[in-house]
Amino acid sequence: MLDIKIQKTTEPKPIPKKGEPLGFGHIFTDHMFIMNYTEGKGWHDPRIVPFGDITLSPAAMVLHYGQEMFEGLKAYRGESGDVYLFRPDMNAKRANNSNDRLCIPHIPEEDFVQAVKAVVDVDRDWVPYEEGTSLYIRPFVISTDPHLGVAPSKTYLFIIILSPSGAYYESGLAPVGIWIEDEYVRAVRGGMGYAKTGGNYAASLAAQVKAHDSGYSQALWLDGVERKYIEEVGSMNIMFKISGKVVTPMLNGSILPGITRNSIIHLCKDWGYEVEERRISVDELIEAARKGTLEEVFGTGTAAVVSPVGKLRYKDEVIEIGGGKIGELTQKLYDELTGIQWGKKPDPYGWRVTV
Ligand SMILES: *Cc1c(COP(=O)(O)O)cnc(C)c1O
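A short tour of the structure in this document, coming up. Remember, predicted model here, so these are calculated numbers, not experimental data.

1. Quick look at the packing of helix α2 (residues 88-101) against helix α3 (residues 109-122)
Then step 1. Viewed as axis vectors pointing N to C, α2 and α3 meet at an angle of 125 degrees, and their least axial separation amounts to 9 Å. By the angle between their axes, α2 is oblique relative to α3. For the pair α2 and α3, the crossing hand works out as right-handed. Residues Pro-88, Asp-89, Asn-91, Ala-92, Lys-93, Ala-95 and Asn-96 of α2 form the contact with α3, whose own contacting residues are Glu-109, Phe-112 and Val-113.
Then step 2. Tallied by class, the residues present in the contact of α2 with α3 amount to five nonpolar, two polar and three charged.

This is how it looks when you write it as structure tokens:
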């Protein structure tokens, strides 16, 4: 158990009113959680303080070599006014997998979850009420040694900030177009693709810009070696329904193991679908689309929950899926998962955690 000191702000900001557009990630609450790490001492001084700038040496290691880890989850406002988290223990576990890869010291899982709950509790009035809105939670660790030698830092900061965010789908679930990237790659086996770390996103920007410039909403990555097998999309995992089966790339080390992905696999299996986690080539997809057996395509991630894909472009080929409509399974998964997250449906799996 952490002994978290709480220092409340004396200048609270106005909480956005109902109907005010929230967007994503540019409004922050009144408080944040901070904890320091010092070699020999471990994690220490857990505290909740007013949200504000932090000072770092310009030589801080994170600014030069990118030794950092982040997580992303949400707090949801239930109909009764309660505040829920969704499987925060999974975020805590994944944070430590990322930490291992990046030589960042572990944060005990129970401390991670305690810190998330504590800071959300202090700012619980910021969890918005409107349909589809949530409080986005961003825990992260940065390396802070003021030292330009390349080595793991001996000091770190673990920080959690909170941002009320609008509904991902302002006007209902709409299928998006995805650009299959054949030039740049995001990660390779042995790299850090399975870790949630800024460097992977830095590596992704060029393809994202390319996809946007071509009128597509996100880039889909192919494997870094043969550029033949499907990996994932921007900040989402990807799933296909082919001839009635649910197929998704297996976790091979270069793909981020999404908590939404894991939850959806659970649901699909429970509903009697055959789920295959395996390699899937872009050629197999094109072939399935030609034969008419590619029934549904959707991305999965905390931000969008489930995002239907209506169009895939690969080189000169454009595959249309579902005739501009959302697939039946995609819609059902969206309804079930959001139902559990917002407390509108029973939670037989124990995924919902009340703050
Ligand atoms: C966070 C993330 C995902 C989705 O993970 P969830 O836990 O479902 O939100 C997928 N891909 C990448 C690259 C990510 O960073």
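Resuming the write-up.
2. Some details on the layout of surface pockets
Gaps between atoms show up when a probe of the same size as a water molecule is rolled over them.
Then step 1. Each pocket or cavity is described by its volume, and for the largest pocket that value is around 560 Å³.
Then step 2. In terms of lining residues, the largest pocket is bounded by 29 residues, among which Phe-24, Tyr-136, Ser-235, Thr-302 and Ala-303 are the most central.
Then step 3. The set of elements that each furnish at least two residues to the lining of the largest pocket consists of β7 (134-143), α6 (259-270) and β15 (294-301).
Then step 4. A per-class count over the lining of the largest pocket returns eleven nonpolar, twelve polar and six charged.
Then step 5. The two domains that each donate at least three residues to the lining of the largest pocket are domain 1 (5-165) and domain 2 (176-341).
Then step 6. Taken as a whole, the second largest pocket spans an internal volume of roughly 340 Å³.
Then step 7. Residue lining of the second largest pocket: 22 residues in total, with Gly-19, Glu-20, Leu-22, Glu-130 and Thr-133 positioned closest to the centre.
Then step 8. Partitioning the lining of the second largest pocket into residue classes produces eleven nonpolar, four polar and seven charged.

3. Side note on the site of the ligand
Then step 1. Every one of the 15 residues lining the ligand counts as a neighbour, but Lys-196, Tyr-201, Glu-232, Thr-260 and Thr-302 are closest to it.
Then step 2. Within the side chain of Thr-302, an N or O atom sits 2.6 Å from an oxygen atom of the ligand.
Then step 3. Burial of the ligand by the surrounding chains reaches 97%, relative to a free accessible area of 380 Å².
Then step 4. In a pocket analysis with a 2 Å cut-off to the grid points, the ligand is assigned to the largest pocket.
Then step 5. Each residue belonging to the shell around the ligand can be placed in one class, and the counts come to four nonpolar, seven polar and four charged.

4. Thoughts on a nonpolar patch on the surface
Then step 1. Together, Ile-54, Leu-56 and Leu-63 line one region of the surface with nonpolar side chains, adding up to about 240 Å² of accessible area.
Then step 2. Within the element layout of this structure, Ile-54 appears in the loop between β3 (42-50) and α1 (61-65).

5. Concerning helix α8 (residues 328-341)
Count 3.6 residues to each turn of an α-helix, and residues three or four apart come out pointing the same way.
Then step 1. For α8, spanning 14 residues, the distance from its first C-alpha to its last is 20 Å, which sits close to the expected 20 Å at 1.5 Å a residue.
Then step 2. Within the span of α8, buried status applies to Leu-329, Thr-330, Leu-333, Glu-336, Leu-337, Thr-338, Gly-339, Ile-340 and Gln-341.

6. A look at helix α7 (residues 282-291)
Then step 1. Turning to α7, its buried residues are Val-282, Leu-285, Ile-286 and Ala-288. Along the axis of α7, the buried positions cluster into a sector of 160 degrees, meaning they face one direction only. Exposed residues lying more than 90 degrees from the buried face of α7 are Arg-290 and Lys-291.
Then step 2. Count one or two residues on from α7 and you reach Gly-292, which has phi positive near 85 degrees.

Quick notes on the rules
Residues numbered from 1 in each chain as written. Predicted model: local features only at pLDDT ≥ 70, side-chain atom pairs only at ≥ 80, totals over all residues. Heavy atoms only, no water. Axes fitted to C-alpha atoms, helices over the stretch in contact; angles between N-to-C directions. Helix = DSSP H or I, 4+ residues; strand = E, 2+ residues; numbered from the N terminus. Parallel < 35°, antiparallel > 145°, perpendicular 65-115°, else oblique. Left-handed = near helix turned anticlockwise from the far one by under 90°. Contact = heavy atoms within 4.5 Å. Nonpolar A, V, L, I, M, F, W, Y, C, P; charged D, E, K, R; others polar. 1 Å grid on protein atoms, 1.4 Å probe; cavity = no way out; pocket = protein on both sides within 12 Å on 5 of 7 lines; lining within 4 Å. Points joined across faces, edges and corners; volume = space filled by probe spheres on them. Domains from an automatic or database assignment. Near = heavy atom within 4 Å. Polar contact = N/O pair within 3.5 Å; in protein donor to acceptor, adjacent residues only side chain to side chain. Areas by Shrake-Rupley, 256 points an atom, 1.4 Å probe, with all protein chains shown as cover. Sits in = over half its atoms within 2 Å of the grid points. Patch = residues over 30% accessible without salt bridge, like charges linked within 9 Å, V, L, I, M, F, W, Y side chains within 5 Å. Salt bridge = Lys/Arg side-chain N within 4 Å of Asp/Glu carboxyl O. Expected span 1.5 Å × (residues − 1). Buried < 20%, exposed > 50% of the residue type's maximum accessible area, 1.4 Å probe, protein only. Arc of directions from axis to C-beta.

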